[in-house]
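Inside the fold
Each chain, letter by letter, is given below.
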Amino acid sequence: MLASSSRIRAAWTRVLLLPLLLAGPGGCLSRQELFPFGPGQGDLELEDGDDLVSPALELSGALRFYDRSDIDSVYVTTNGIIATSEPPAKESHPGLFPPTFGAIGPFLADLDTTDGLGKVYYREDLSPSITQRAAECVHRGFPEISFQPSSAVVVTWESVAPYQGPSRDLDQEGKRNTFQAVLASSDSSSYAIFLYPEDGLQFHTTFSKKENHQVPAVVAFSQGSVGFLWKSNGAFNIFANDRESIENLAKSSNSGQQGVWVFEIGSPVTTNGVVPADVILGSEDGAEYDDEDEDYDLVTTRLGLEDVGTTPFSYKALRRGGADTYSVPSVLSPRRAATERPLGPPTERTRSFQLAVETFHQQHPQVIDVDEVEETGVGSPQRVNGKVKGRIFVGSSQIPVVFENTDLHSYVVMNHGRSYTAISTIPETVGYSLLPLAPVGGIIGWMFAVEQDGFKNGFSITGGEFTRQAEVTFVGHPGKLVIKQRFSGIDEHGHLTIDTELEGHVPQIPFGSSVHIEPYTELYHYSTSVITSSSTREYTVTEPEREGAAPSRVYTYQWRQTITFQECVHDDSRPALPSTQQLSVDSVFVLYNQEERILRYALSNSIGPVREGSPDALQNPCYIGTHGCDTNAACRPGPRTQFTCECSIGFRGDGRTCYEVEKTRCQHEREHILGAAGAADPQRPIPPGLFVPECDAHGHYAPTQCHGSTGYCWCVDGDGREVEGTRTRPGMTPPCLSTVAPPIHQGPAVPTAVIPLPPGTHLLFAQTGKIERLPLEGNTMRKTEAKAFLHVPAKVIIGLAFDCVDKMVYWTDITEPSIGRASLHGGEPTTIVRQDLGSPEGIAVDHLGRNIFWTDSNLDRIEVAKLDGTQRRVLFETDLVNPRGIVTDSVRGNLYWTDWNRDNPKIETSYMDGTNRRILVQDDLGLPNGLTFDAFSSQLCWVDAGTSRAECLNPSQPSRRKVLEGLQYPFAVTSYGKNLYYTDWKMNSVVALDLAISKETDAFQPHKQTRLYGITAALSQCPQGHNYCSVNNGGCTHLCLATPGSRTCRCPDNTLGVDCIERK
């Protein structure tokens, strides 16, 4: 393992250095060395414009691609793709990868040839000069292969421009890209040759219409969707998808000639994936890398049913080193001859390649489609056919969705216990909301579950003739769903027959959502002619991505079922059944296809004893269904057989008995507006022009409200009133804060005492009801050692600041609201300010003058107080709209703060006594959220969620520096050493940004995926320096407020009768 890691590190080092150290034959590829192109070569020309697709280019001979050998036409697009089938209109611009169509992408990006900004040429060429040149390129990359093509498709993107989006990027003005793809084919194989001439790639990112920001181009291949009845993503390969790799395309090579890349795309060895050439740049006679020196993982993921729920992947998820990058053994070795077929299991050892290859998790590649099960060689399937009818109320709708005579078809792979169930013509008004009901098809899985010795599945017990009635209660949702199923045994065709009836209520799941169900176990209790089972399960709903974020929530339902059958009491030879058996279900997959109106469930099942260590083995009432909690309550297991009952959201009581509470103000307002507009049915679209407030899961006003017709968004307070200065233009979302803490679940009490920090420097960051610590070693985040520092579950902590003298952390809480503090050495936290606060957000500490400063975006003011919260004084209460970030320069006596007022965002400064107030930065700001001052370098830096930038300046100098663009949604920032560390709302991560090289170098994503707020550095020692308040409080009776080279003595507000002296 260590040796392998060393080889991988060596490979990366060599990959990054090769473009600098080695030069291929003749140096860089010149534009004159491209394959001849243009009208003079007989090329066809793609119409000028954006997101265009050519007519079909009919081929004289078949193109081979992955496992296909019958492609007789291709399509050329503006966006750097050669498609093997016509791209659907909804995929005309780059968005998600892999696409549903077969794609060959030498530079997949949003390109634009509008108004003559470049040309796209294409042709099929049968001339000997072109086919011979293609053969030479392939031979350089695969010297062991004898290949003589009979035809070549030549596609050239000449001087094409990047799509700029609504606001033009000045850095990309005038930049153009030129590159070429050649697809060479013989009777037995096809190869792709990508050519990138010197200075041919002048830009590496384009504006994404989906992400609304710049994204890197991609070099990739995709088989497209495969399967007939069950569609799933086929194999796909991504060879470059970040700026560094794209920049290397013209500098490096995998074929020995700089700027030329060769791939085997269609032959007996590419069934599962494209094979890249592997010749070292600058090597003689096609010398290759030694297997023992370097490794890479080839992306060849043929996704089965269970994988569809996690794909497709968006570009932003395909970043090297990101949380969505996985390692999987390569399916093919590039060294295998083209005539060989892969033998045995996939190999873990593969050859090296100059660009990073993203790899994706693969679980069950052996089964792709339901209609392919019989050809997979994994066991004969059992078919189940039947009818389904339903009468279902979705969400709060008073009108049921009714369907009858709907077909149900199921396959079961017998020796794997895997069942695939499809229910057709399910109305889209209810289809997504039925996704959590995998047990509808799960009963078929129980019927044919793999049997362990001495245990029997449902068919062995019932013979396929029984009645099942199940009751599903969705926690927090009124009503129930009743499922009745009757199995009538095997018909004359050998198929099991089933009739299903669904009636009742289900929560609404938004259109386009996906549902994920973790593997689970369930106990079946047996007695004469009766089988019972009950359990509590969770499922995760991920809504469609909006504004770059995909909301995800976990829900719970309780499941009770009774199965009755006619037992043969006279069969003495039959062994007695265990009174309890455990059904284990994994690889759960659920999908609703809106276009085909088909609902699909797939599960793997086995039946056996109660496994030691499983939750069921504890016989906890929550697991075995004997808890007695109200149907509108959740059962929460405790130690051994202990448990508690907790009423669901919208209900109150002791858990044994729960009653519905009154609707919230937000819910009442929403229902009133919809009812008046005749749009009370949640399945009907909201009429254009109508604003309907959004309520969160607990019925409170969502902190961010948006008008669906105009696209404008704004922040609201707890009563739904718009917060002044927060309304943003379409396409920009304001950084609104929720003023309501999430409900506290009943259960073991979480200690509020501080968990002491070990020595050293730490990052402290806030995440709703807690503060976490992340140790630093130099500038490296020791992510495995991250732990909670303080639990305060009833609070929403926003701002953080650190006092390096007393080792004390300070925070703002917008729920109470209040300001608190706690010692890093341990002990209980204390609240130091709780009166006369609106929405305290940013907070800063003057460690020399022993004062705290904070911003209040509700009261629109900035205040100062002593470290214990006493002696409060308002510094500013005019010309503030949304003040947030605030920092101090203790040595020089300066104060800095941000105001993200949508109409006039700015960064201001003053002396700590409030004098000499002035605007420091006003131009080219969007939503300046976080602010930090580095006492060591005297740099003031900020992160802006509107411009998606990090910037810095020295306050004593006028110039400012753009450190990095393309940030996701930064909120707060702190500095330490050479790095900035900022929290990001879209990634739910702490991101490290190296100021020296203007590059993000690392990211930490906490286990709990919720918004991160304030961040500060808990320094092991204070910066050197002093101010005029450092000694004896500057001689002041009360507040000592430092100024450059002096100090001012100020009295607190409301100090009548107090012996206080003000002086400068």
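Here is what the cut-offs are and how they apply
- Residues numbered from 1 in each chain as written.
- Predicted model: local features only at pLDDT ≥ 70, side-chain atom pairs only at ≥ 80, totals over all residues.
- Heavy atoms only, no water.
- Helix = DSSP H or I, 4+ residues; strand = E, 2+ residues; numbered from the N terminus.
- Buried < 20%, exposed > 50% of the residue type's maximum accessible area, 1.4 Å probe, protein only.
- Pairing = 2+ DSSP bridges.
- Axes fitted to C-alpha atoms, helices over the stretch in contact; angles between N-to-C directions.
- Disulfide = S-S within 2.5 Å.
- Core = buried A, V, L, I, M, F, W, Y, C linked by side-chain atoms within 4.5 Å.
- Contact = heavy atoms within 4.5 Å.
- Phe/Tyr/Trp six-rings, centres within 6.5 Å; stacked < 30°, edge-to-face > 60°.
- Lys NZ or Arg CZ within 6 Å of the ring centre and 35° of its normal.
- Salt bridge = Lys/Arg side-chain N within 4 Å of Asp/Glu carboxyl O.
- Expected span 1.5 Å × (residues − 1).
- Arc of directions from axis to C-beta.
- pLDDT = per-residue confidence, 0-100.
- Polar contact = N/O pair within 3.5 Å; in protein donor to acceptor, adjacent residues only side chain to side chain.

Further remarks concern the overall build of the chain. The helix and strand inventory of the chain stands at 8 helices and 66 strands. The 1064 residues of the chain split such that 54% are buried.

Our focus in this paragraph is the sheet that holds strand S58 (residues 949-953). Strand order across the open sheet formed by 4 strands is S56-S57-S58-S59, with antiparallel pairing between neighbours. Unpaired on one side and paired on the other, strand S56 (928-934) and strand S59 (960-965) mark the two borders of the sheet. On average, each strand axis in the sheet is tilted by 20° relative to the strand beside it, whichever way the strands run.

We now examine the state of the cysteines. The tally for this structure, following the rule as stated, stands at 8 disulfides. Through a disulfide, Cys1029 is tied to Cys1040; the S-S separation comes to 1.9 Å. On the sign convention where negative means left-handed, the S-S torsion of about -85° between Cys1029 and Cys1040 marks this disulfide as left-handed. Note that Cys1029 is positioned in the loop between strand S64 (1015-1018) and strand S65 (1039-1043) and Cys1040 in strand S65, a separation of 11 residues in sequence. Here Cys1029 and Cys1040 have matching classes, each one buried.

With 6 of 6 residues buried, strand S50 (residues 861-866) is to be regarded as a mostly interior element. Both strand S49 (residues 851-856) and S50 contribute to a ladder of 6 bridges, which runs antiparallel. The residue bridging Asn851 from the neighbouring strand is Lys866, located in S50. The hairpin formed by S49 and S50 contains 4 residues between the paired strands, and Asp860 there has a positive phi angle of roughly 55°. Pairing of S50 with strand S51 (residues 873-876) involves 3 bridges; the strand directions are antiparallel. Following the sheet pairing, Ile862 is matched in S51 by Phe876.

Before going further, it helps to examine the sheet that holds S51. As summarised here, the arrangement of the 4 strands in space is S48-S49-S50-S51, forming an open sheet in which the pairing is antiparallel. Bordering the open sheet on either side are strand S48 (840-846) and S51, each of which pairs with just one other strand. The average undirected angle you get between the axes of adjacent strands in this sheet is 25°.

A separate point is the nonpolar core. Ranked by size, the top nonpolar core spans 58 residues in total, and within it Ile392, Leu434, Trp446 and Tyr601 carry the most contacts. With residues near it in sequence (within four places) discarded, Ile392 still touches Pro400, Val401, Phe403, Val430, Leu434, Leu481, Leu502, Gly504 and Val506. Residues Met732, Leu927, Phe971 and Ala992 belong to the second largest nonpolar core, which totals 45 residues.

A separate point is the packing of aromatic side chains. Here the structure, examined in full by the defined rule, presents 31 aromatic pairs. Ring geometry for Phe142 and Tyr191: centres 5.4 Å apart, planes at 65°, overall edge-to-face. Here the residue Phe142 occupies a position in the loop between helix H2 (128-141) and strand S9 (151-162), and Tyr191 occupies one in strand S11 (residues 190-195), the gap between them amounting to 49 residues. With respect to class, Phe142 is no different from Tyr191; both count as buried. For the ring pair Phe221 and Phe239, a centre distance of 5.9 Å and an interplane angle of 85° mean the geometry is edge-to-face. Placement of the pair is Phe221 in strand S14 (residues 218-222) and Phe239 in strand S17 (residues 236-240), with a sequence separation of 18 residues. According to the relative accessible area criterion, Phe239 is buried, its value standing at 0%. Put simply, the rings of Phe107, Trp157, Phe179 and Phe203 touch in pairs and so form one group of aromatic residues. Above the ring of Phe35, the side-chain terminus of Arg133 is found at 4.3 Å from the ring centroid. In this structure, Arg1011 is placed above the aromatic ring of Trp985, and the distance from its NZ or CZ to the ring centre is 3.7 Å.

Let us look at the side chain of Thr728. Mapped onto the elements of the fold, Thr728 is located in the loop between strand S39 (713-715) and strand S40 (762-767). On the accessibility criterion, Thr728 (1% relative accessible area) is buried. Once residues lying within four places of it in the same chain are set aside, the contact partners of Thr728 are Tyr712, Cys713, Thr733, Pro734, Arg902 and Leu927.

The next point concerns the pattern of salt bridges. The final tally for this structure, using the stated rule, is 36 salt bridges. A salt bridge links Arg850 to Asp803; the shortest N-O distance between them is 2.8 Å. Highlighted residues: Arg850 in the loop between S48 and S49 and Asp803 in strand S44 (residues 797-803), separated in sequence by 47 residues. Residue classification places Arg850 among the partly exposed positions, given a relative accessible area of 21%. Several salt bridges share partner residues, and in doing so they unite Asp924, Arg949, Glu951, Arg960 and Glu965 into one network.

This next bit is on helix H8 (residues 665-676). With 12 residues, H8 extends 17 Å from end C-alpha to end C-alpha; this agrees with the ideal 16 Å at 1.5 Å per step. Cys666, Ile673 and Leu674 are the residues of H8 that are buried. Buried residues in H8, looked at end-on, bunch into an arc of 95°, giving them a common side. In H8, the exposed positions angled more than 90 degrees off the buried face are occupied by Arg665, His672 and Ala676.

What follows concerns the side chain of Arg884. When you line up the elements, Arg884 lands in strand S52 (residues 883-889). Beyond its immediate sequence surroundings of up to four residues, Arg884 is in contact with Pro735, Leu737, Glu841, Gly842, Thr855, Thr898, Trp900, Asn929 and Phe971.

In low-pLDDT regions, the fine details of the predicted coordinates are not to be read closely. Averaged over every residue, the pLDDT of the chain is 80; the share at 70 or more is 81%. When pLDDT is averaged over each helix and strand of the chain, the minimum, 30, is found for strand S20 (residues 313-314) and the maximum, 97, for S49. The low-confidence segment residues 745-749, where pLDDT is below 50, has 5 contacts with residues more than four positions distant or belonging to other chains.

Another point: unusual backbone geometry. That bond from Glu816 to Pro817 is cis: its omega, -20°, falls within 30 degrees of zero. Within the fold, Pro817 resides in the loop between strand S45 (808-813) and strand S46 (818-823). Despite not being glycine, Lys807 shows a phi value in the positive range, around 55°. On the secondary structure map, Lys807 appears in the loop between S44 and S45.

Attention now moves to helix H5 (residues 439-447). Burial analysis of H5 places 9 of its 9 residues in the buried class, the great majority of the element. Three or more residues of H5 are buried, namely Pro439, Val440, Gly441, Gly442, Ile443, Ile444, Gly445, Trp446 and Met447.

Further remarks concern the environment of Glu951. Looking at the secondary structure, you find Glu951 in strand S58. On the basis of relative accessibility, which here comes to 1%, the residue Glu951 falls in the buried class. Non-local contacts of Glu951, meaning those with residues more than four positions away in its chain, are made with Asp924, Leu940, Cys941, Trp942, Arg960, Arg961, Lys962 and Val963. In this structure the side chain of Glu951 is engaged in a polar contact, spanning 3.4 Å, whose partner is the side chain of Arg949.

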